[in-house]
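Structure at a glance
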Amino acid sequence: YGPPGCGKTLLAREISAAMGAREPKIVNGPEMMSKYVGDSEEFVRALFAEAEVEQAEAGDESALHVIVFDEIDAFTRERGSLTGVTSGIGDSVVNQLLAKMDGVVEAGNVLVIGLTNRPELLDEALLRPGRLEVQLKVELPAAEGRRDILRIHTRAMRRSGALAPDAQAAVEDVEDGLPARTEHFSGAELAGVVRSAASFALARGAAEVEAGIKD
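Considering unusual backbone geometry
Of note in this structure, Glu71 is not a glycine but carries a positive phi near 55°. When you line up the elements, Glu71 lands in the loop between strand 2 (65-70) and helix 3 (89-107). The class for Glu71 is partly exposed, based on a relative accessible area of 35%. Here His184, not a glycine, exhibits a phi torsion of approximately 75°, which is positive. Here His184 is to be found in the loop between helix 7 (178-181) and helix 8 (187-214).

Looking at a nonpolar patch on the surface
A cluster of nonpolar side chains, Leu11, Ile15, Met19 and Leu136, forms an exposed patch at the surface whose accessible area comes to about 340 Å². Structurally, Leu11 is set in helix 1 (residues 8-18).

Comments concerning the pattern of salt bridges
By the definition in use, this model includes twelve salt bridges. Arg13 is the partner of Glu23 in a salt bridge, and the nearest nitrogen-oxygen pair spans 3.4 Å. One end of the pair, Glu23, is in the loop between helix 1 and strand 1 (25-28); the other, Arg13, is in helix 1, and ten residues separate them in sequence. Under the relative-accessibility criterion, Glu23 is labelled exposed at 61%. Asp148 is the partner of Arg151 in a salt bridge, and the nearest nitrogen-oxygen pair spans 3.4 Å.

Criteria and thresholds
Residues numbered from 1 in each chain as written. Predicted model: local features only at pLDDT ≥ 70, side-chain atom pairs only at ≥ 80, totals over all residues. Heavy atoms only, no water. Helix = DSSP H or I, 4+ residues; strand = E, 2+ residues; numbered from the N terminus. Buried < 20%, exposed > 50% of the residue type's maximum accessible area, 1.4 Å probe, protein only. Patch = residues over 30% accessible without salt bridge, like charges linked within 9 Å, V, L, I, M, F, W, Y side chains within 5 Å. Areas by Shrake-Rupley, 256 points an atom, 1.4 Å probe, with all protein chains shown as cover. Salt bridge = Lys/Arg side-chain N within 4 Å of Asp/Glu carboxyl O.

As far as function goes, none of this settles anything; it's purely spatial.
Structure, rendered in structure tokens:
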């Protein structure tokens, strides 16, 4: 959990790759909610079905299956907290997910990761041991982290010789350069800064070429 744009989904993918798991199933929380009774619960069951079948067939030789719920707070609010909702669909989906996660403990071939910006909204039953018991806060990057992120997003420019020396110095200068001037920026916002700078540079270059042709 943590602020938007800090790489939570990327971190989940890297965890999956580091553990040698199958390609993770990444589900967007709002997509879980259907207006038809029973559809959302069926979707939850389907997410775990492949892992359950493989566990039954291969046992301990089964590969690891990773299920990532992005914006998990969209469908796992504390039961009974959604005023004005009389169908009970939200509560039923939470119950179904809890039941499947209890089965995960016995199966051992499924890793469930939930991502959220609002951890305080989650049903407490989800956070007990055996379910989402490990909580990791992903903070906004510090100056050194911002420098590293900027290095990543300007890597191709450096390789192709498209990054001016003064721009490269601004990226590397943690004290007075771009990392210092982007305090409180998320990784996504830093990527946006690089894209914007590249766009301005291209526009400026095109204008200079056009001016040269006219001359």
